[in-house]
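# Reading the structure
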Amino acid sequence: MAWDFSTEPEFQTQLDWVADFCANEIEPLDLVFPGAAWSRNPKAKALADPLKQQVKDRGLWALFLDSDLGGPGFGQLKLALLNEILGRYRSAPVMFGTAAPDTGNMEMLAAYGTPEQKERWLTPLLNQEIFSAYSMTEPQGGSDPNLFKTHAVRDGDEWVISGEKWFTSAGERADIIFVMCTNGMYVVPRETPGVEIMDYPRLHNHIRYNNVRVPADHLLGPEDGAKVLAQRRLGGGRIHHAMRTVAQVRLAFDMMCERALSRESHGKVIAEHQMVQEAIADSYAEINMLRLMVLWTAWTIDNSSTRESRTQIAACKYTMGKVLREVSYRALHIMGSLGTTNLTPLQAMYAGAPTMAIADGVDEVHKATVARNVLKGYQPHEGLWPTEYIPAKREQARKKYESLIQADPDLAAWADAAVRHAERG
Ligand SMILES: Cc1cc2nc3c(=O)[nH]c(=O)nc-3n(C[C@H](O)[C@H](O)[C@H](O)COP(=O)(O)OP(=O)(O)OC[C@H]3O[C@@H](n4cnc5c(N)ncnc54)[C@H](O)[C@@H]3O)c2cc1C
(Lines give C-alpha, C1' and ligand atoms only; values in the text may rest on other atoms or scores of the structure.)
Protein backbone atom coordinates (compact mmCIF):
# COMPACT_ATOMS: atom_id res chain seq x y z
CA MET A 1 0.00 0.00 0.00
CA ALA A 2 2.04 2.93 -1.25
CA TRP A 3 -0.39 5.86 -0.71
CA ASP A 4 0.96 7.94 2.12
CA PHE A 5 0.45 11.59 3.03
CA SER A 6 2.96 11.72 5.87
CA THR A 7 6.37 13.42 6.05
CA GLU A 8 9.47 11.47 7.14
CA PRO A 9 10.15 12.37 10.79
CA GLU A 10 13.74 13.33 9.93
CA PHE A 11 12.64 15.79 7.26
CA GLN A 12 9.81 17.06 9.47
CA THR A 13 12.48 18.05 12.00
CA GLN A 14 14.13 20.10 9.25
CA LEU A 15 10.79 21.68 8.33
CA ASP A 16 10.12 22.58 11.96
CA TRP A 17 13.54 24.21 12.11
CA VAL A 18 12.79 26.13 8.89
CA ALA A 19 9.43 27.39 10.21
CA ASP A 20 11.05 28.57 13.41
CA PHE A 21 14.04 30.11 11.60
CA CYS A 22 11.81 32.00 9.16
CA ALA A 23 9.54 33.36 11.89
CA ASN A 24 12.29 34.32 14.32
CA GLU A 25 15.21 35.31 12.10
CA ILE A 26 14.15 36.04 8.53
CA GLU A 27 10.89 37.91 9.13
CA PRO A 28 12.32 40.31 11.75
CA LEU A 29 15.30 41.08 9.48
CA ASP A 30 12.96 41.68 6.56
CA LEU A 31 10.71 44.00 8.57
CA VAL A 32 13.54 46.17 9.88
CA PHE A 33 15.95 45.93 6.89
CA PRO A 34 13.73 45.20 3.85
CA GLY A 35 15.79 43.84 0.96
CA ALA A 36 18.87 43.03 3.10
CA ALA A 37 18.80 39.44 1.85
CA TRP A 38 19.82 40.43 -1.70
CA SER A 39 21.53 43.75 -1.03
CA ARG A 40 25.19 44.26 -1.95
CA ASN A 41 25.57 46.84 0.85
CA PRO A 42 28.31 45.46 3.16
CA LYS A 43 26.33 46.26 6.32
CA ALA A 44 23.21 44.53 5.00
CA LYS A 45 25.34 41.58 3.87
CA ALA A 46 26.86 41.33 7.34
CA LEU A 47 23.33 40.80 8.67
CA ALA A 48 22.10 38.41 5.98
CA ASP A 49 25.17 36.27 5.30
CA PRO A 50 25.34 34.60 8.75
CA LEU A 51 21.70 33.56 8.32
CA LYS A 52 22.48 32.08 4.89
CA GLN A 53 25.41 30.26 6.48
CA GLN A 54 23.06 28.69 9.03
CA VAL A 55 20.91 27.41 6.13
CA LYS A 56 24.02 25.95 4.45
CA ASP A 57 25.20 24.35 7.69
CA ARG A 58 21.79 22.72 7.96
CA GLY A 59 22.19 21.23 4.45
CA LEU A 60 19.19 23.19 3.14
CA TRP A 61 20.92 25.51 0.65
CA ALA A 62 19.78 25.43 -3.03
CA LEU A 63 17.46 22.49 -2.50
CA PHE A 64 15.96 22.93 -5.97
CA LEU A 65 18.97 21.30 -7.67
CA ASP A 66 18.77 17.54 -8.00
CA SER A 67 21.81 15.42 -7.17
CA ASP A 68 22.54 14.69 -10.85
CA LEU A 69 22.80 18.46 -11.34
CA GLY A 70 25.13 18.94 -8.39
CA GLY A 71 22.54 19.84 -5.72
CA PRO A 72 21.61 18.09 -2.49
CA GLY A 73 19.11 15.89 -4.28
CA PHE A 74 16.16 16.10 -1.93
CA GLY A 75 13.82 16.17 -4.91
CA GLN A 76 10.80 18.27 -5.79
CA LEU A 77 8.43 16.81 -3.21
CA LYS A 78 10.62 17.86 -0.32
CA LEU A 79 11.23 21.18 -2.01
CA ALA A 80 7.45 21.65 -2.20
CA LEU A 81 7.13 21.05 1.54
CA LEU A 82 9.93 23.52 2.18
CA ASN A 83 8.50 26.13 -0.19
CA GLU A 84 5.15 25.88 1.61
CA ILE A 85 6.95 27.60 4.45
CA LEU A 86 9.39 29.85 2.55
CA GLY A 87 6.69 31.33 0.30
CA ARG A 88 5.19 33.11 3.29
CA TYR A 89 8.24 35.33 3.73
CA ARG A 90 9.44 37.80 1.10
CA SER A 91 13.16 37.19 1.44
CA ALA A 92 13.15 33.53 2.53
CA PRO A 93 13.73 32.11 -1.00
CA VAL A 94 16.91 34.22 -1.31
CA MET A 95 18.00 33.20 2.19
CA PHE A 96 17.69 29.55 1.15
CA GLY A 97 19.30 29.96 -2.29
CA THR A 98 16.04 29.10 -4.07
CA ALA A 99 14.90 32.43 -5.52
CA ALA A 100 13.66 33.10 -9.04
CA PRO A 101 14.90 34.00 -11.59
CA ASP A 102 18.28 32.56 -10.54
CA THR A 103 16.94 29.06 -9.85
CA GLY A 104 15.68 28.46 -13.39
CA ASN A 105 18.85 29.88 -14.88
CA MET A 106 20.96 27.67 -12.64
CA GLU A 107 18.92 24.65 -13.67
CA MET A 108 19.69 25.41 -17.32
CA LEU A 109 23.37 25.87 -16.56
CA ALA A 110 23.51 22.70 -14.48
CA ALA A 111 21.79 20.67 -17.19
CA TYR A 112 23.39 22.14 -20.33
CA GLY A 113 26.54 24.00 -19.26
CA THR A 114 30.05 22.84 -20.11
CA PRO A 115 32.37 22.32 -17.11
CA GLU A 116 33.93 25.74 -17.85
CA GLN A 117 30.51 27.46 -18.04
CA LYS A 118 29.48 25.87 -14.76
CA GLU A 119 32.63 27.03 -13.06
CA ARG A 120 32.33 30.53 -14.50
CA TRP A 121 28.62 31.10 -13.75
CA LEU A 122 26.92 28.28 -11.86
CA THR A 123 29.23 28.25 -8.86
CA PRO A 124 29.06 32.03 -8.24
CA LEU A 125 25.27 31.98 -8.82
CA LEU A 126 24.90 29.20 -6.28
CA ASN A 127 26.98 31.22 -3.81
CA GLN A 128 24.99 34.39 -4.62
CA GLU A 129 28.21 36.14 -5.54
CA ILE A 130 26.44 37.13 -8.75
CA PHE A 131 22.75 37.44 -9.79
CA SER A 132 21.07 36.71 -13.11
CA ALA A 133 18.04 37.53 -15.25
CA TYR A 134 16.17 35.84 -18.07
CA SER A 135 15.34 37.66 -21.33
CA MET A 136 12.77 35.81 -23.40
CA THR A 137 9.61 37.90 -23.90
CA GLU A 138 9.68 40.48 -26.70
CA PRO A 139 7.60 43.66 -27.02
CA GLN A 140 5.61 42.42 -30.03
CA GLY A 141 4.24 39.36 -28.19
CA GLY A 142 5.22 37.05 -25.39
CA SER A 143 2.89 34.07 -25.59
CA ASP A 144 4.05 32.80 -28.94
CA PRO A 145 7.81 32.10 -29.20
CA ASN A 146 7.43 31.92 -32.99
CA LEU A 147 7.05 35.72 -32.95
CA PHE A 148 10.44 36.28 -31.32
CA LYS A 149 13.06 37.96 -33.51
CA THR A 150 16.17 38.39 -31.36
CA HIS A 151 18.94 36.67 -33.24
CA ALA A 152 22.66 35.89 -32.93
CA VAL A 153 25.09 35.92 -35.85
CA ARG A 154 28.47 34.21 -35.68
CA ASP A 155 31.39 36.48 -36.42
CA GLY A 156 34.76 34.74 -35.97
CA ASP A 157 35.15 33.84 -32.29
CA GLU A 158 32.13 35.85 -31.27
CA TRP A 159 28.34 35.90 -31.44
CA VAL A 160 26.68 39.22 -32.26
CA ILE A 161 23.20 39.53 -30.72
CA SER A 162 20.55 41.95 -31.99
CA GLY A 163 17.02 42.32 -30.74
CA GLU A 164 14.69 43.74 -28.16
CA LYS A 165 13.37 42.11 -25.02
CA TRP A 166 10.57 43.11 -22.69
CA PHE A 167 9.86 42.36 -19.02
CA THR A 168 13.24 40.89 -18.09
CA SER A 169 12.77 40.65 -14.32
CA ALA A 170 15.65 42.17 -12.33
CA GLY A 171 17.54 42.81 -15.57
CA GLU A 172 19.10 46.04 -14.36
CA ARG A 173 20.46 44.36 -11.21
CA ALA A 174 21.71 41.21 -12.90
CA ASP A 175 25.36 40.44 -13.53
CA ILE A 176 24.50 38.07 -16.37
CA ILE A 177 21.41 37.77 -18.54
CA PHE A 178 20.28 34.59 -20.26
CA VAL A 179 19.07 35.80 -23.64
CA MET A 180 16.81 33.58 -25.70
CA CYS A 181 17.57 34.04 -29.39
CA THR A 182 15.83 32.39 -32.31
CA ASN A 183 19.00 30.33 -32.74
CA GLY A 184 20.09 29.50 -29.21
CA MET A 185 20.35 30.57 -25.56
CA TYR A 186 23.19 32.98 -24.82
CA VAL A 187 24.72 34.24 -21.59
CA VAL A 188 25.30 37.98 -21.81
CA PRO A 189 27.13 39.89 -19.06
CA ARG A 190 24.98 42.97 -18.40
CA GLU A 191 27.94 45.32 -18.70
CA THR A 192 28.62 44.23 -22.30
CA PRO A 193 28.60 47.22 -24.72
CA GLY A 194 25.30 47.40 -26.60
CA VAL A 195 23.08 46.21 -23.71
CA GLU A 196 20.69 49.13 -23.37
CA ILE A 197 18.29 49.08 -20.43
CA MET A 198 15.32 51.39 -20.92
CA ASP A 199 13.90 53.57 -18.14
CA TYR A 200 10.55 51.72 -17.98
CA PRO A 201 9.24 49.40 -16.61
CA ARG A 202 11.42 49.62 -13.49
CA LEU A 203 11.49 46.09 -12.06
CA HIS A 204 10.91 44.06 -15.21
CA ASN A 205 13.18 45.65 -17.76
CA HIS A 206 12.80 46.57 -21.38
CA ILE A 207 16.22 45.84 -22.89
CA ARG A 208 17.64 46.49 -26.33
CA TYR A 209 20.51 44.30 -27.47
CA ASN A 210 22.31 46.46 -30.02
CA ASN A 211 24.86 44.28 -31.80
CA VAL A 212 26.03 42.86 -28.49
CA ARG A 213 29.23 40.83 -28.91
CA VAL A 214 29.89 37.85 -26.65
CA PRO A 215 32.62 35.18 -26.96
CA ALA A 216 31.68 31.98 -28.80
CA ASP A 217 31.58 29.99 -25.56
CA HIS A 218 28.67 32.10 -24.26
CA LEU A 219 26.25 29.92 -26.21
CA LEU A 220 24.57 27.61 -23.69
CA GLY A 221 23.54 24.19 -24.95
CA PRO A 222 23.22 23.39 -28.63
CA GLU A 223 22.78 25.96 -31.35
CA ASP A 224 19.03 26.17 -32.08
CA GLY A 225 18.35 24.59 -28.68
CA ALA A 226 16.73 27.65 -27.09
CA LYS A 227 13.18 26.27 -26.97
CA VAL A 228 14.27 23.05 -25.26
CA LEU A 229 16.30 24.98 -22.70
CA ALA A 230 13.42 27.41 -22.15
CA GLN A 231 10.98 24.57 -21.51
CA ARG A 232 13.34 23.02 -19.03
CA ARG A 233 13.76 26.35 -17.26
CA LEU A 234 10.13 27.36 -17.22
CA GLY A 235 8.76 23.94 -16.23
CA GLY A 236 10.79 23.96 -13.02
CA GLY A 237 10.06 27.64 -12.39
CA ARG A 238 6.29 27.18 -12.69
CA ILE A 239 6.05 24.39 -10.17
CA HIS A 240 8.28 26.30 -7.74
CA HIS A 241 5.95 29.31 -8.05
CA ALA A 242 3.00 27.04 -7.37
CA MET A 243 4.69 25.69 -4.22
CA ARG A 244 5.24 29.21 -2.93
CA THR A 245 1.67 30.16 -3.85
CA VAL A 246 0.44 27.42 -1.50
CA ALA A 247 2.30 29.27 1.26
CA GLN A 248 0.72 32.57 0.26
CA VAL A 249 -2.86 31.30 0.23
CA ARG A 250 -2.35 29.57 3.56
CA LEU A 251 -1.17 32.88 4.99
CA ALA A 252 -4.27 34.61 3.59
CA PHE A 253 -6.42 31.83 5.05
CA ASP A 254 -4.83 32.16 8.50
CA MET A 255 -5.49 35.89 8.41
CA MET A 256 -9.09 35.36 7.28
CA CYS A 257 -9.84 32.91 10.08
CA GLU A 258 -8.17 34.96 12.78
CA ARG A 259 -10.08 38.09 11.76
CA ALA A 260 -13.39 36.26 11.45
CA LEU A 261 -13.05 35.17 15.06
CA SER A 262 -11.93 38.59 16.27
CA ARG A 263 -14.75 40.98 15.27
CA GLU A 264 -18.47 41.25 15.73
CA SER A 265 -21.27 42.53 13.56
CA HIS A 266 -25.07 42.47 13.93
CA GLY A 267 -25.02 40.69 17.23
CA LYS A 268 -22.55 37.92 16.52
CA VAL A 269 -18.93 37.18 15.86
CA ILE A 270 -18.26 37.57 12.11
CA ALA A 271 -17.27 33.89 11.87
CA GLU A 272 -20.83 32.94 12.81
CA HIS A 273 -22.37 34.59 9.73
CA GLN A 274 -23.06 31.91 7.14
CA MET A 275 -21.65 33.84 4.21
CA VAL A 276 -18.37 34.22 6.06
CA GLN A 277 -18.43 30.50 6.82
CA GLU A 278 -18.94 29.83 3.13
CA ALA A 279 -15.86 31.94 2.32
CA ILE A 280 -13.83 29.97 4.86
CA ALA A 281 -15.14 26.59 3.73
CA ASP A 282 -14.59 27.28 0.00
CA SER A 283 -11.08 28.59 0.71
CA TYR A 284 -10.22 25.57 2.81
CA ALA A 285 -11.23 23.21 0.02
CA GLU A 286 -9.55 25.20 -2.78
CA ILE A 287 -6.26 25.52 -0.88
CA ASN A 288 -6.14 21.81 -0.23
CA MET A 289 -7.01 20.99 -3.84
CA LEU A 290 -4.14 23.21 -5.01
CA ARG A 291 -1.76 21.84 -2.39
CA LEU A 292 -2.45 18.21 -3.22
CA MET A 293 -2.14 18.88 -6.94
CA VAL A 294 1.22 20.60 -6.40
CA LEU A 295 2.52 17.79 -4.17
CA TRP A 296 1.32 15.14 -6.63
CA THR A 297 3.04 17.00 -9.47
CA ALA A 298 6.27 17.32 -7.46
CA TRP A 299 6.11 13.60 -6.71
CA THR A 300 5.54 12.84 -10.41
CA ILE A 301 8.59 14.93 -11.37
CA ASP A 302 10.68 13.01 -8.83
CA ASN A 303 9.46 9.73 -10.28
CA SER A 304 9.74 10.68 -13.98
CA SER A 305 10.93 14.07 -15.23
CA THR A 306 9.84 17.68 -15.62
CA ARG A 307 9.12 16.98 -19.26
CA GLU A 308 6.89 14.01 -18.55
CA SER A 309 5.03 16.02 -15.90
CA ARG A 310 4.25 18.98 -18.13
CA THR A 311 0.49 18.45 -18.25
CA GLN A 312 0.33 18.44 -14.47
CA ILE A 313 2.68 21.43 -14.21
CA ALA A 314 0.50 23.39 -16.65
CA ALA A 315 -2.60 22.54 -14.59
CA CYS A 316 -0.85 23.77 -11.42
CA LYS A 317 0.15 26.93 -13.26
CA TYR A 318 -3.37 28.14 -14.04
CA THR A 319 -4.92 26.76 -10.87
CA MET A 320 -2.54 28.64 -8.57
CA GLY A 321 -3.50 32.04 -10.02
CA LYS A 322 -7.18 31.27 -9.64
CA VAL A 323 -6.88 30.03 -6.05
CA LEU A 324 -4.67 32.98 -5.13
CA ARG A 325 -7.21 35.39 -6.63
CA GLU A 326 -10.20 33.81 -4.88
CA VAL A 327 -8.67 33.21 -1.46
CA SER A 328 -6.79 36.52 -1.19
CA TYR A 329 -9.93 38.40 -2.28
CA ARG A 330 -12.07 36.66 0.36
CA ALA A 331 -9.45 37.28 3.05
CA LEU A 332 -9.11 40.94 2.03
CA HIS A 333 -12.89 41.33 2.00
CA ILE A 334 -13.34 39.77 5.45
CA MET A 335 -10.60 42.07 6.75
CA GLY A 336 -12.86 44.99 5.71
CA SER A 337 -11.33 48.44 5.22
CA LEU A 338 -8.02 47.33 6.72
CA GLY A 339 -7.74 44.73 3.95
CA THR A 340 -7.70 47.46 1.32
CA THR A 341 -4.62 49.13 2.82
CA ASN A 342 -0.98 48.12 2.54
CA LEU A 343 -0.82 47.58 6.30
CA THR A 344 -1.28 43.81 5.93
CA PRO A 345 0.13 41.49 3.21
CA LEU A 346 -3.34 40.99 1.67
CA GLN A 347 -3.53 43.95 -0.67
CA ALA A 348 -0.21 43.04 -2.34
CA MET A 349 -1.21 39.38 -2.47
CA TYR A 350 -4.49 40.15 -4.22
CA ALA A 351 -2.77 42.58 -6.59
CA GLY A 352 -0.31 39.79 -7.42
CA ALA A 353 -3.00 37.39 -8.61
CA PRO A 354 -3.29 38.72 -12.19
CA THR A 355 0.50 38.57 -12.44
CA MET A 356 0.40 34.86 -11.61
CA ALA A 357 -1.92 34.30 -14.55
CA ILE A 358 0.50 36.01 -16.96
CA ALA A 359 4.08 35.39 -15.79
CA ASP A 360 5.64 32.12 -17.00
CA GLY A 361 3.07 31.97 -19.81
CA VAL A 362 -0.54 33.13 -19.85
CA ASP A 363 -3.16 30.79 -18.41
CA GLU A 364 -4.93 30.31 -21.73
CA VAL A 365 -1.82 28.76 -23.28
CA HIS A 366 -1.44 26.35 -20.36
CA LYS A 367 -5.11 25.41 -20.48
CA ALA A 368 -4.78 24.67 -24.18
CA THR A 369 -1.72 22.48 -23.42
CA VAL A 370 -3.63 20.52 -20.80
CA ALA A 371 -6.66 20.03 -23.02
CA ARG A 372 -4.52 18.98 -25.99
CA ASN A 373 -2.50 16.48 -23.95
CA VAL A 374 -5.51 15.07 -22.13
CA LEU A 375 -7.41 14.61 -25.40
CA LYS A 376 -4.58 12.41 -26.72
CA GLY A 377 -5.91 9.72 -24.37
CA TYR A 378 -9.38 9.74 -26.01
CA GLN A 379 -10.96 8.57 -29.29
CA PRO A 380 -14.14 9.76 -30.99
CA HIS A 381 -17.04 7.32 -30.55
CA GLU A 382 -18.13 5.20 -33.44
CA GLY A 383 -21.58 5.79 -34.87
CA LEU A 384 -24.23 8.12 -33.51
CA TRP A 385 -24.16 7.38 -29.83
CA PRO A 386 -21.60 8.14 -27.15
CA THR A 387 -20.03 5.13 -25.40
CA GLU A 388 -22.12 5.78 -22.30
CA TYR A 389 -25.49 5.85 -24.18
CA ILE A 390 -27.43 3.56 -21.86
CA PRO A 391 -29.89 1.86 -24.27
CA ALA A 392 -27.02 0.75 -26.52
CA LYS A 393 -24.98 -0.46 -23.56
CA ARG A 394 -27.95 -2.33 -22.16
CA GLU A 395 -28.58 -4.05 -25.47
CA GLN A 396 -24.94 -5.11 -25.57
CA ALA A 397 -25.00 -6.32 -21.96
CA ARG A 398 -28.19 -8.33 -22.54
CA LYS A 399 -26.31 -10.51 -25.02
CA LYS A 400 -24.18 -11.73 -22.11
CA TYR A 401 -27.29 -13.06 -20.33
CA GLU A 402 -29.26 -14.10 -23.45
CA SER A 403 -29.20 -17.85 -22.85
CA LEU A 404 -30.22 -17.39 -19.19
CA ILE A 405 -33.09 -15.07 -20.13
CA GLN A 406 -34.25 -17.39 -22.96
CA ALA A 407 -34.31 -20.33 -20.56
CA ASP A 408 -36.24 -18.57 -17.77
CA PRO A 409 -39.37 -16.55 -18.77
CA ASP A 410 -39.90 -15.40 -15.15
CA LEU A 411 -36.38 -13.95 -15.01
CA ALA A 412 -36.94 -12.32 -18.43
CA ALA A 413 -40.18 -10.69 -17.23
CA TRP A 414 -38.50 -9.52 -14.03
CA ALA A 415 -35.59 -8.02 -16.03
CA ASP A 416 -37.99 -6.17 -18.38
CA ALA A 417 -39.95 -4.74 -15.44
CA ALA A 418 -36.77 -3.76 -13.60
CA VAL A 419 -35.47 -1.94 -16.68
CA ARG A 420 -38.77 -0.08 -17.14
CA HIS A 421 -38.62 0.91 -13.46
CA ALA A 422 -34.99 2.06 -13.78
CA GLU A 423 -35.79 4.10 -16.90
CA ARG A 424 -38.61 5.88 -15.08
CA GLY A 425 -35.91 6.92 -12.56
C1 LIG B 1 5.69 39.64 -13.02
C2 LIG B 1 6.16 39.16 -14.36
C3 LIG B 1 7.48 38.77 -14.50
C4 LIG B 1 7.95 38.36 -15.75
N5 LIG B 1 9.28 38.04 -15.88
C6 LIG B 1 9.78 37.74 -17.08
C7 LIG B 1 11.18 37.49 -17.24
O8 LIG B 1 11.95 37.52 -16.29
N9 LIG B 1 11.64 37.23 -18.49
C10 LIG B 1 10.81 37.21 -19.57
O11 LIG B 1 11.30 36.95 -20.66
N12 LIG B 1 9.49 37.45 -19.46
C13 LIG B 1 8.96 37.73 -18.25
N14 LIG B 1 7.61 38.01 -18.12
C15 LIG B 1 6.78 38.12 -19.31
C16 LIG B 1 5.80 36.99 -19.49
O17 LIG B 1 6.47 35.79 -19.80
C18 LIG B 1 4.81 37.43 -20.57
O19 LIG B 1 4.11 38.54 -20.06
C20 LIG B 1 3.86 36.35 -20.99
O21 LIG B 1 4.52 35.32 -21.68
C22 LIG B 1 2.74 36.91 -21.87
O23 LIG B 1 3.25 37.66 -22.92
P24 LIG B 1 2.67 39.15 -23.21
O25 LIG B 1 2.79 39.94 -21.97
O26 LIG B 1 3.34 39.64 -24.42
O27 LIG B 1 1.12 38.93 -23.47
P28 LIG B 1 0.44 38.47 -24.85
O29 LIG B 1 1.17 37.35 -25.45
O30 LIG B 1 0.20 39.68 -25.68
O31 LIG B 1 -0.94 37.93 -24.30
C32 LIG B 1 -1.94 38.85 -23.80
C33 LIG B 1 -3.25 38.13 -23.64
O34 LIG B 1 -3.68 37.59 -24.90
C35 LIG B 1 -4.40 36.39 -24.69
N36 LIG B 1 -3.68 35.26 -25.35
C37 LIG B 1 -2.40 35.23 -25.78
N38 LIG B 1 -2.12 34.03 -26.35
C39 LIG B 1 -3.25 33.30 -26.27
C40 LIG B 1 -3.59 31.97 -26.68
N41 LIG B 1 -2.71 31.17 -27.27
N42 LIG B 1 -4.85 31.53 -26.43
C43 LIG B 1 -5.76 32.35 -25.83
N44 LIG B 1 -5.48 33.60 -25.44
C45 LIG B 1 -4.25 34.08 -25.65
C46 LIG B 1 -4.43 36.16 -23.18
O47 LIG B 1 -5.63 36.71 -22.65
C48 LIG B 1 -3.22 36.92 -22.72
O49 LIG B 1 -3.27 37.28 -21.34
C50 LIG B 1 7.09 38.35 -16.87
C51 LIG B 1 5.75 38.72 -16.71
C52 LIG B 1 5.28 39.13 -15.48
C53 LIG B 1 3.83 39.56 -15.35
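All of these numbers come straight from a predicted model, not from anything done at the bench.

### Side note on the side chain of Asn373
Turning to its location among the elements, Asn373 is positioned in helix H12 (residues 363-375). Once residues within four sequence positions are removed from consideration, Asn373 is found in contact with Arg310 and Thr311.

### Describing the packing of aromatic side chains
The full count for this structure, using the stated rule, is eight aromatic pairs. When the ring of Trp166 is compared with that of Phe167, the centres are 5.4 Å apart and the planes differ by 50 degrees; the resulting orientation is tilted. Here Trp166 falls in the partly exposed class, since its relative accessible area comes to 31%. We classify Phe167 as partly exposed; its relative accessible area is 41%. Linked through ring pairs, Trp17, Phe21 and Phe96 together constitute an aromatic cluster. The residue whose ring lies beneath Lys165 is Phe148, and the NZ or CZ to ring-centre distance is 4.9 Å.

### A word on the environment of Lys400
Topologically, Lys400 is positioned in helix H13 (residues 390-407). Judged by its relative accessible area of 66%, Lys400 falls in the exposed class. Through-space distance from the C-alpha of Lys400 to that of Ala279 is 51 Å; in sequence the pair is 121 residues apart.

### As for empty space enclosed by the protein
Tallied over the full model, the rule gives two cavities of 30 Å³ or more. Quantified by volume, the largest cavity comes out at close to 40 Å³. For the largest cavity, the full set of lining residues is Gly97, Thr98, Ala99, Asp102, Met106, Leu125, Leu126 and Gln128. Those elements giving two or more residues to the lining of the largest cavity turn out to be helix H5 (102-112) and helix H6 (115-126). Along the lines of polarity and charge, the residues of the lining of the largest cavity split into four nonpolar, three polar and one charged. Each pocket or cavity is described by its volume, and for the second largest cavity that value is around 40 Å³. The wall of the second largest cavity is formed by Phe64, Leu79, Asn83, Thr98, Thr103, His240 and Arg244. Mapped by element, the contributors of at least two residues to the lining of the second largest cavity are helix H3 (76-86) and helix H7 (226-262). Among the residues making up the lining of the second largest cavity, the classes are represented as two nonpolar, four polar and one charged.

Rules used throughout
- Numbers given to residues run from 1 along each chain, matching the order in which its sequence is written.
- Per-residue local features of the predicted model are confined to residues with pLDDT of at least 70, and side-chain atom pairs are confined, for both listing and counting, to 80 or more; whole-chain, interface and lining totals are unaffected and use all residues.
- As a rule here, side-chain values cover all heavy atoms of the structure and leave hydrogens and water aside.
- Helix and strand assignments follow DSSP, with helices taken as H or I runs no shorter than four residues and strands as E runs no shorter than two, numbered in order from the N terminus.
- Note on contacts: a residue pair is in contact if any heavy atoms of the two residues lie within 4.5 Å.
- Geometry of aromatic contacts follows a simple scheme: Phe, Tyr and Trp rings, the Trp one being its six-membered ring, pair when their centres are within 6.5 Å, and the pair is stacked under 30 degrees between planes, edge-to-face over 60, tilted otherwise.
- For the exposure calls, accessible area comes from a 1.4 Å probe over protein chains only, and a residue counts as buried if that area is under 20% of its type's maximum, exposed if over 50%, partly exposed in between.
- By definition, being over a ring means that NZ of Lys or CZ of Arg is both within 6 Å of the ring centre and within 35 degrees of the ring normal.
- Put simply, the grid is 1 Å and covers the protein atoms alone, a cavity is a trapped set of points that fit a 1.4 Å probe, a pocket is an open set with protein on both sides within 12 Å along at least five of seven lines, and lining residues have an atom within 4 Å of a point.
- Grid points are joined across faces, edges and corners, and a volume is the space filled by probe spheres set on the points.
- By the convention adopted, Pro, Cys, Tyr, Trp, Phe, Met, Ile, Leu, Val and Ala count as nonpolar, Lys, Arg, Asp and Glu as charged, and the other residues, Gly among them, as polar.

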